[in-house]
Amino acid sequence: MRSERLAINPLLFVPKPFGINMNRFFVVAVTFLLLVTSQQTLAQSENLKTWNDVVSEYSDTGTLGGISVSLDENMSNDSNTMSGDEWPSLVEVYTATWCENCVTTQGIINSLNLSEGKSMMKVHYHRFIAEVQDPFGSQITDDRWIERYGPTSRLTNSYGYENIAPSKVFDGERMHTGTTKSSDSLDFDYQTSFDKGSSIDVSTFSATLSWTKSSEINEFSWNISTPSLDSKYVIEPMIFIIEDEGYFPEGGNGEKYYHHILRDIIPLSSIDGNISAEFNNAYDGNDLSAVLVFDWNNNNPDDGLLGAIPFPSSVIFVSLFIAIFYSRDKYSN
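Quick notes on the rules
- Residues numbered from 1 in each chain as written.
- Predicted model: local features only at pLDDT ≥ 70, side-chain atom pairs only at ≥ 80, totals over all residues.
- Heavy atoms only, no water.
- Helix = DSSP H or I, 4+ residues; strand = E, 2+ residues; numbered from the N terminus.
- Buried < 20%, exposed > 50% of the residue type's maximum accessible area, 1.4 Å probe, protein only.
- Areas by Shrake-Rupley, 256 points an atom, 1.4 Å probe, with all protein chains shown as cover.
- Core = buried A, V, L, I, M, F, W, Y, C linked by side-chain atoms within 4.5 Å.
- Contact = heavy atoms within 4.5 Å.
- Phe/Tyr/Trp six-rings, centres within 6.5 Å; stacked < 30°, edge-to-face > 60°.
- Lys NZ or Arg CZ within 6 Å of the ring centre and 35° of its normal.
- Axes fitted to C-alpha atoms, helices over the stretch in contact; angles between N-to-C directions.
- Parallel < 35°, antiparallel > 145°, perpendicular 65-115°, else oblique.
- Left-handed = near helix turned anticlockwise from the far one by under 90°.
- Nonpolar A, V, L, I, M, F, W, Y, C, P; charged D, E, K, R; others polar.
- Pairing = 2+ DSSP bridges.
- Disulfide = S-S within 2.5 Å.

Focus on the overall build of the protein
Then, number 1: Along its length, the protein carries six helices and 13 strands.
Then, number 2: Looking at the protein as a whole, 41% of its 333 residues qualify as buried.
Then, number 3: Element-wise, carbon and sulfur atoms account for 53% of the exposed surface of the protein, whose accessible area totals about 18500 Å².

Quick notes on the nonpolar core
Nonpolar side chains tend to gather and get buried jointly when the protein is soluble and globular.
Then, number 1: In terms of nonpolar packing, the biggest core is built from 29 residues, with Leu-209, Phe-220, Ile-239 and Leu-292 touching the most fellow members.
Then, number 2: By residue number, the principal contributor to this core is strand S13 (residues 288–298), which donates five residues.
Then, number 3: Those residues in contact with Ile-239, other than ones at most four positions away along the chain, are Leu-209, Phe-220, Asp-264, Ile-265, Ile-266, Leu-268, Ala-290, Val-291 and Leu-292.
Then, number 4: Counting 21 residues, the second-largest nonpolar core is a separate cluster that includes Cys-102, Tyr-149, Val-169 and Ile-265.

Side note on the environment of Tyr-257
Then, number 1: Relative to the assigned elements, Tyr-257 resides in strand S11 (residues 257–267).
Then, number 2: Measuring from C-alpha to C-alpha, the distance between Tyr-257 and Tyr-247 comes to 4.6 Å, with ten residues separating the pair along the chain.
Then, number 3: Not counting the four nearest positions on each side in its chain, Tyr-257 is found in contact with Glu-245, Gly-246 and Tyr-247.

A short note on the packing of aromatic side chains
Then, number 1: Here the structure, examined in full by the defined rule, presents 13 aromatic pairs.
Then, number 2: With centroids separated by 4.9 Å and ring planes inclined at 75°, the aromatic side chains of Phe-136 and Tyr-283 adopt a geometry described as edge-to-face. Residue Phe-136 is located in the loop between strand S5 (120–126) and helix H4 (139–156), and its partner Tyr-283 is located in the loop between strand S12 (272–276) and S13; the two are separated by 147 residues in the primary sequence.
Then, number 3: Classification of Phe-136 as buried rests on a relative accessible area of 0%.
Then, number 4: You can call Tyr-283 partly exposed: its relative accessible area is 34%.
Then, number 5: With a centroid separation of 6.1 Å and an interplanar angle of 50°, the aromatic rings of Phe-170 and Tyr-190 are classed as tilted. In this pair, Phe-170 sits in strand S6 (residues 167–170) while Tyr-190 sits in helix H5 (residues 186–196), placing the two residues 20 residues apart along the sequence. Summarising the burial analysis for this pair, Phe-170 and Tyr-190 share the class buried.
Then, number 6: Chaining the aromatic ring pairs together yields one cluster made of Tyr-94, Tyr-125, Trp-145 and Tyr-149.
Then, number 7: Above the plane of the ring of Phe-194 lies Lys-118, whose end atom (NZ or CZ) is 4.4 Å from the centre.

Quick look at the packing of helix H3 (residues 100–110) against H5
Then, number 1: Running from N to C, H3 and H5 point in directions that differ by 50°, and their axes come no closer than 10 Å. When the interaxial angle is binned, H3 and H5 end up oblique. Both H3 and H5 take part in a crossing whose hand is right-handed. Across from Thr-105, Ile-108 and Ile-109 in H3, the residues of H5 making contact are Leu-186, Asp-187 and Tyr-190.
Then, number 2: Its residues assigned to classes, the contact of H3 with H5 comprises four nonpolar, one polar and one charged.

A short note on the sheet that holds S12
Then, number 1: Read across the open sheet, the four strands follow the order S3-S8-S9-S12; overall the sheet is antiparallel. In this open sheet, the two edge strands, each paired with only one partner strand, are strand S3 (77–83) and S12. Along the sheet, successive strands turn relative to each other by an average axial angle of 10°, direction set aside.
Then, number 2: Pairing analysis gives seven bridges linking S3 to strand S8 (residues 206–214), with the strands arranged antiparallel. Paired with Asn-80 across the strands is Leu-209, a residue of S8.

What to know about the state of the cysteines
Then, number 1: Taken as a whole and judged by the stated rule, the model has one disulfide.
Then, number 2: The partner cysteine of Cys-99 in its disulfide is Cys-102, sulfur to sulfur 2.2 Å. Taking the sign of the torsion about the S-S bond as the criterion, the disulfide between Cys-99 and Cys-102, at about 85°, is right-handed.

See the structure below:
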């Protein structure tokens, strides 16, 4: 009996599939390290994100344009054509004449650094609904803000308001609500959001806007060329009627002059055409302009399983799947 025990081969106690288990352990361990690294990288990049993404019924969305023509009463026509790389970055602002914090945040916007070749167009929405202290807003401008940015606003302020002053939206994509800062300062928050720019490459885009006035009838014609936006995008064009400056010393925030006032919006049904339209007059003076802009909306949110996985994780996911499949196939033969 003793000699039989000594004859036992100790290697028999090592499980036969030991190599397979170690191989899988190696794959899982490496993948785990890659996942941790990728998540740390993503977390670091998220630290630079000082805004809230605009929420809509589409998978992603934004606003482009900024082609402007004068509506001077002493003129009978004006026209302007711009290529996409000449378009200004749009900064839409929700404000009110009684809003003291708006004065501070608008001062920051005015002091943003513009890189060479980059410009900015500010559009100020003034509160209108249930408003008794601000004469600049209108129903259609409030309606657009609430429809376009209301869902994001509700998610980002403690009161759940759809339209809260002050609020800022850059390129129709990135919202800043109130005066709560995400970094060390609102200056950095706004500058980071402004520098981000549009998610759409506009280098091949162009647009034209023309205005003529005859017998008190205002007629607009326009054309928007966006060759790289294929059928998965929906484009919703409109004309903003903007007053350069309005005088209202009765405002509760201590300001007397208000700028970039959005007085009216003319919806357009297609990317090119012409229309006769009426619009709200200037509050005072003769300083109205018409600005052609459009909302772009991705109408094809379903990019499949991997589309829902962040890029580094999707690469790791595929690599892990292939490695495990290869391992099983190799050791099963």
